[in-house]
Amino acid sequence: MGKKCSEKNSIFGDCIQTVFLCLFPDKDIIYICPFSGALKGKVFITNYRLYFKSSDADSAVMLNVPLGVICRVEKMGGASSRGENSYGLDITCKDMRNLRFALKQEGHSRRDIFEILFRYAFPVSHGLVSHLMHCISLSNPQVHSDDCHYLFQGLPNDKWRISFINKSYELCDTYPTVLAVPYKATEEDLRKVATFRSRGRIPVLSWIHRENQAVIARCSQPLVGMSGKRNKDDERYLDLVREANGTSKLIIYDARPNVNAVANKATGGGYEGDEYQNAELIFLDIHNIHVMRESLKKLKDIVYPNVEESHWLSSLESTHWLEHIKLVLSGAIQVADKVSSGNSVVVHCSDGWDRTAQLTSLAMLMLDSHYRTLRGFQVLLEKEWISFGHKFASRIGHGDKNHADQDRSPIFVQFIDCVWQMTKQFPTAFEFNERLLLTILDHLYSCRFGTFLYNCESARDQHEVRLKTVSLWSLVNSSNDIYLNPFYTPESGRVLYPVASMRHLELWVSYYIRWNPRIRQQVGLHVGVHNVMHASTLSRLANLAKDSPKKCV
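Fair warning: this is a prediction, and the values are worked out from it, not measured in the lab. (Residues numbered from 1 in each chain as written. Predicted model: local features only at pLDDT ≥ 70, side-chain atom pairs only at ≥ 80, totals over all residues. Heavy atoms only, no water.)

J.: So what about the side chain of Asn343? Which residues, and what values?
T.: Secondary-structure assignment places Asn343 in the loop between helix 9 (321-340) and strand 16 (345-348). Asn343 sits in the buried class, given a relative accessible area of 17%. The residues contacting Asn343, other than those within four sequence positions of it, are Ala214, Val215, Thr247, Lys249, Ile251 and Lys338. (Helix = DSSP H or I, 4+ residues; strand = E, 2+ residues; numbered from the N terminus. Buried < 20%, exposed > 50% of the residue type's maximum accessible area, 1.4 Å probe, protein only. Contact = heavy atoms within 4.5 Å.)

Here it is as structure tokens:
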């Protein structure tokens, strides 16, 4: 076994209980830096991170990579490879960078590093699920509970009630235990509707306008199928949503392109037809998870390791990334505008956990200044993304070696990008700053906190995530000064309508191109506390390694 240690006391200064796996003092390891060239140095690996420090004083380079960030580890070259630095390891990361290490070919020198990285970067694939959870010595305050959030919105009232029908996840295993539903809908009504909605994800309230009582409700697609099935209970239920604030017409926003929604009929899904009286269906033309994955892949190709400067605008346009950002923002603006004018809306995509979460949370951010505060934004993420079952484990691939899994997609990254676009257009409207958004995305991958682990609340309960880990918000709220926007001006009644046109959208350079040192100097970016290492780290690790075997798997 490796030597167990608290990294706060002995190594990195960030409170993680780790197992020191290995130090390779006898290996000449060369980091092939795309910006500084080949750099000789030392590699250290714990069950949480990979750390490299160059030995060249004139060109000091440090890498601090949580193993959760690693997407793929491949062997580079073979025993007969020729050419300088042609033998080693290629590491693909989820955070827009790649790493390449070269070693000597004699004696299978890369085997130890490869085996340890492959085992501990992908613990789920090796039956080591518990290694996803890193015990941290911080307090674990609860920033969100469903019933408290509904109380904050003035619920229950004479139109909406709180239901505990899902307390054991029997109605829907990807929904939270507490749901806000129309007052006139019985528990039996909810069960009947669940049979006609994909994954049992019935329409439930996300947000209610305090003045006009219009609501944002979310759900999944109806199970219409090729035969055009109807469900009178589902039709009546949506009419109850409409009746709750007396609006003449319920607006149903289907996030998908029309052609995709029609195609979904072939697999048993579909959309609301003319049989839904007093309702209007609008398609928002936002593409699916596969399109978004390929778009970000194209973006990475043009920004890492080098920015394609000669044809930058056409290269960026060819990725379609900002075009997708535009469509998501535009859809959320439509939702917010309808609710602000007194119309209740229902939002869904296919299963209601990807594009739906983007649209509801962005619309809530536009409509309600509470969610633009530091604490309010935490509540928004906990409620609309975590409680309502965005599939973080599947979309990110936490601890899973299957890098080509078709379920992976940067849906949450895209949402955070949309938030960043709003902060750029309304620089005084948000209490939090860019550093918070960067920290959230760093820990989306790191697995240091339990916040983004697993796909839904039922899975987190099953694996006792709240008992075995702490929340990311423990870190944020313990030092919230560094996440505050000094230009913030509270405006409680203001609705934000960002301009969703290509002329007003920007590439988030300080996230997507932050690993390029030249770009980092230009934007003055502080990459974050995780990359600011103590000067004594190397010697402490060396001392620790004296009592540890070289290979401790």
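Further notes follow.
J.: Before we move on, could you go through the layout of surface pockets and cite the residues and values that matter?
T.: In this structure, the largest pocket occupies an estimated 710 Å³ of space. Lining the largest pocket are 25 residues, with Cys71, Cys93, Arg293, Lys297 and His403 sitting closest to its centre. Taken together, the elements giving at least two residues each to the lining of the largest pocket come down to strand 7 (70-76), strand 8 (88-93), helix 7 (289-303) and helix 12 (392-397). Here the lining of the largest pocket gets 6 residues from one element, more than from any other, and that element is helix 7. Among the residues forming the lining of the largest pocket, the class breakdown is 10 nonpolar, 5 polar and 10 charged. Taken domain by domain, the makeup of the lining of the largest pocket includes at least three residues from each of domain 1 (17-128) and domain 2 (146-513). (1 Å grid on protein atoms, 1.4 Å probe; cavity = no way out; pocket = protein on both sides within 12 Å on 5 of 7 lines; lining within 4 Å. Points joined across faces, edges and corners; volume = space filled by probe spheres on them. Nonpolar A, V, L, I, M, F, W, Y, C, P; charged D, E, K, R; others polar. Domains from an automatic or database assignment.)

J.: How would you sum up the pattern of salt bridges? Please name residues and give values.
T.: Under the definition given, this model contains 25 salt bridges. One salt bridge connects Arg197 with Asp234, and the closest N-O pair in it is separated by 2.8 Å. Placement of the pair is Arg197 in the loop between helix 4 (187-194) and strand 12 (204-208) and Asp234 in helix 5 (residues 232-243), with a sequence separation of 37 residues. Under the relative-accessibility criterion, Arg197 is labelled buried at 1%. Its relative accessible area of 0% is what places Asp234 among the buried residues. Between Glu294 and Arg293 there is a salt bridge; the shortest N-O distance is 3.8 Å. Owing to a relative accessible area of 38%, Glu294 belongs among the partly exposed residues under this scheme. Here the salt bridges share partners, and the residues they tie into one network are Asp354, Lys391, Arg395 and Asp407. (Salt bridge = Lys/Arg side-chain N within 4 Å of Asp/Glu carboxyl O.)

J.: If you had to explain the pairing of strand 5 (residues 49-54) to someone new, which residues and values would you point to?
T.: Burial within strand 5 is extensive, with 5 of its 6 residues counted as buried. In terms of strand pairing, strand 4 (residues 37-46) meets strand 5 through 5 bridges, oriented antiparallel. Bridging from a neighbouring strand, Ile45 pairs with Leu50 of strand 5. The turn joining strand 4 and strand 5, which pair antiparallel and follow one another in sequence, is formed by 2 residues. (Pairing = 2+ DSSP bridges.)

J.: Go over helix 14 (residues 434-446), please, and point to the residues and values.
T.: Think of an α-helix as 3.6 residues a turn; residues three or four steps apart then line up on the same face. For helix 14, which comprises 13 residues, the first-to-last C-alpha distance of 18 Å matches the rise-based estimate of 18 Å (1.5 Å per residue) to within 8%. Taken as a whole, helix 14 has its buried residues at Leu436, Leu437, Leu438, Thr439, Ile440, Leu441, Asp442, His443, Leu444, Tyr445 and Ser446. The inward-facing, buried residues of helix 14 abut strand 6 (62-66), helix 11 (374-387), helix 12, helix 13 (411-425), helix 17 (472-478) and helix 18 (509-512). Cys447 occupies a position one or two residues after helix 14 and carries a positive phi of about 65°. (Expected span 1.5 Å × (residues − 1).)

J.: Describe in detail the pairing of strand 3 (residues 29-33), supporting the description with residues and values.
T.: Most of strand 3 is tucked away, with 4 of its 5 residues classed as buried. Pairing analysis gives 5 bridges linking strand 3 to strand 4, with the strands arranged antiparallel. Looking at strand 4, one finds that Ile29 is bridged to Gly41.

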